[in-house]
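# Coordinates in review
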Amino acid sequence: MSFVKRKTIWNAVGGGFSNPGESKVCRIGKHKVLVTRASRLDRYGNPVHTATYIRRDGSLGASCRSNGSATLTVSRALKKMGIDTK
């Protein structure tokens, strides 16, 4: 089973985005993930991040949406694709 270190995710993504609607493709080791911040906040005032795994052929894989940090959202999307986080 393949895995990615949490520090690698943090170095690629960081804590999150400061601007609403911002998105970027993050390269985490040999994997690519599209991370997007929603244009609106949730009802508690927290930003909502969406992470979508990009397969090698360019198609989209598993997606995860959370009002937590962008790093946690990416970690959950990778876990849905069978990639563990250590």
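What you see is a predicted model; the values in this text were computed from it and never measured.

### A look at the pairing of strand β3 (residues 31–41)
- Here strand β2 (residues 23–28) runs beside β3; their pairing, made up of six bridges, is antiparallel. Counted as the bridge partner of Arg27 is Lys32 from β3.
- Summarising the sheet, β3 and strand β4 (residues 47–54) pair through seven bridges and their orientation is antiparallel. Note on β4: the bridge partner recorded for Thr36 is Thr50.
- Counting the residues between successive antiparallel strands, the hairpin from β3 to β4 contains five residues, one of them, Gly45, with a positive phi of roughly 90 degrees.

### Notes on the nonpolar core
- One finds Ile9, Val13, Ile28, Val33, Val35, Val74 and Leu78 to be the most contacted residues of the largest nonpolar core, which totals 17 residues.
- Residue assignment for this core shows that the elements contributing at least two residues are α1 (6–13), β2, β3, β4 and α2 (70–80).
- With four residues, the top contributor of residues to this core is α2.
- In this structure, Val33 is in contact with Lys24, Val25, Cys26, Ile28, Ala51, Thr52, Tyr53, Ile54, Val74 and Leu78, ignoring residues within four places of it in sequence.

Cut-off values and rules
- Residues numbered from 1 in each chain as written.
- Predicted model: local features only at pLDDT ≥ 70, side-chain atom pairs only at ≥ 80, totals over all residues.
- Heavy atoms only, no water.
- Pairing = 2+ DSSP bridges.
- Helix = DSSP H or I, 4+ residues; strand = E, 2+ residues; numbered from the N terminus.
- Core = buried A, V, L, I, M, F, W, Y, C linked by side-chain atoms within 4.5 Å.
- Buried < 20%, exposed > 50% of the residue type's maximum accessible area, 1.4 Å probe, protein only.
- Contact = heavy atoms within 4.5 Å.

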